[in-house]
Amino acid sequence: MTTVAEQSHHKLRTVDLAYIGLFSTLMMIGANITSFAPFMVVGSVPITLQTFFAILAGLILGSKKGALACTVYMCIGLAGAPVFARFGGGFGQILSPTFGFIVTFILAAFIAGLIIERSATKKSYVLAALIATAINYLLGTNWMYFAYKLWANAPEGFTYKMAWLWMMPPLPKDIFLAVFAGIFGYRVQKVLKIIPVK
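Remember, it's a predicted structure, so these values are computed and weren't measured experimentally.

*Asks:* Got a sec to walk through the pattern of salt bridges? Specific residues and values, please.
*Replies:* For the structure on display, the rule yields three salt bridges. For D16, the salt bridge identified is with R13, shortest N-O distance 3.1 Å. The buried category is assigned to D16, whose relative accessible area is 3%. Owing to a relative accessible area of 46%, R13 belongs among the partly exposed residues under this scheme. A salt bridge links D174 to K173; its shortest N-O distance comes to 2.8 Å. Where salt bridges share partners, they join R13, D16 and K65 into one cluster.

*Asks:* Which residues make up the environment of I131, and what are the values?
*Replies:* Looking at the secondary structure, you find I131 in helix α7 (residues 122–150). Separated by 47 residues in the primary sequence, I131 and A178 place their C-alpha atoms 9.0 Å from one another. Every residue in contact with I131, bar those within four places of it in the chain, is listed here: I111 and I115.

*Asks:* Quick one: what's the story with empty space enclosed by the protein, residue by residue and with numbers?
*Replies:* Going through the model one piece at a time under the given rule, you end up with one cavity of 30 Å³ or more. Approximately 30 Å³ is the volume found for the largest cavity. For the largest cavity, the full set of lining residues is T51, F52, I55, T133, D174, L177 and A178. For the lining of the largest cavity, the secondary-structure elements that each account for two or more residues are α4 (50–61) and α9 (171–192).

*Asks:* How would you sum up a positive patch on the surface? Please name residues and give values.
*Replies:* Side chains of K122, R187, K190 and K193 sit close together on the surface and give a patch of like positive charge. Note on placement: R187 falls in helix α9. Under the relative-accessibility criterion, R187 is labelled exposed at 53%.

*Asks:* Can you lay out the environment of E117 for me, pointing to particular residues and giving the numbers?
*Replies:* With respect to the helices and strands, E117 occurs in helix α6 (residues 99–118). Sequence spacing of E117 and L61 is 56 residues, and the spatial spacing of their C-alpha atoms is 10.0 Å. Among the polar contacts listed, one links the side chain of E117 to the backbone nitrogen of S63, at a separation of 2.8 Å.

Conventions adopted
Residues numbered from 1 in each chain as written. Predicted model: local features only at pLDDT ≥ 70, side-chain atom pairs only at ≥ 80, totals over all residues. Heavy atoms only, no water. Salt bridge = Lys/Arg side-chain N within 4 Å of Asp/Glu carboxyl O. Buried < 20%, exposed > 50% of the residue type's maximum accessible area, 1.4 Å probe, protein only. Helix = DSSP H or I, 4+ residues; strand = E, 2+ residues; numbered from the N terminus. Contact = heavy atoms within 4.5 Å. 1 Å grid on protein atoms, 1.4 Å probe; cavity = no way out; pocket = protein on both sides within 12 Å on 5 of 7 lines; lining within 4 Å. Points joined across faces, edges and corners; volume = space filled by probe spheres on them. Patch = residues over 30% accessible without salt bridge, like charges linked within 9 Å, V, L, I, M, F, W, Y side chains within 5 Å. Areas by Shrake-Rupley, 256 points an atom, 1.4 Å probe, with all protein chains shown as cover. Lys, Arg positive; Asp, Glu negative; His and termini not counted. Charge placed at Lys NZ, Arg CZ, Asp CG, Glu CD. Polar contact = N/O pair within 3.5 Å; in protein donor to acceptor, adjacent residues only side chain to side chain.

If you want it as structure tokens, here you go:
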């Protein structure tokens, strides 16, 4: 038999919905930096702050709510709102070679939150952010490669190595932001205490 406290723990409170909405909005903003700085597009991959905010969502909100924030962001974009990179939107975005990165934001947030829910040290926060970044790169880049090979118009001479070479320019930025997200998330969590640590 569950208590009222245990039942309410599984329900989304108003403040939870506010945090989820906040991070969904932050991802929308982070996605469209390239609209103001076109030089931040390398190959066909926009350099954005989506990964940073997705990971931060997991670190601050926890696995389920962090993943939910990223899912809300994805659904808003698929519904037609221009919230993806370069103000893209609509269900047709699923066919975009870079859509895999959007899908992996959900997993990255979930994994980052899952790690923190088991260990809330500063080292764990940084490690969780780095692991989440690695997941985003690994799955997103492979999705992009197979998308170009199976249904998208691949550039001439496109190879698996080329797909990874496209990811090298934003890698230092994302590693730096992952470390920053870990440190920042740790400090924010000590104040907000949103995640119940086991």
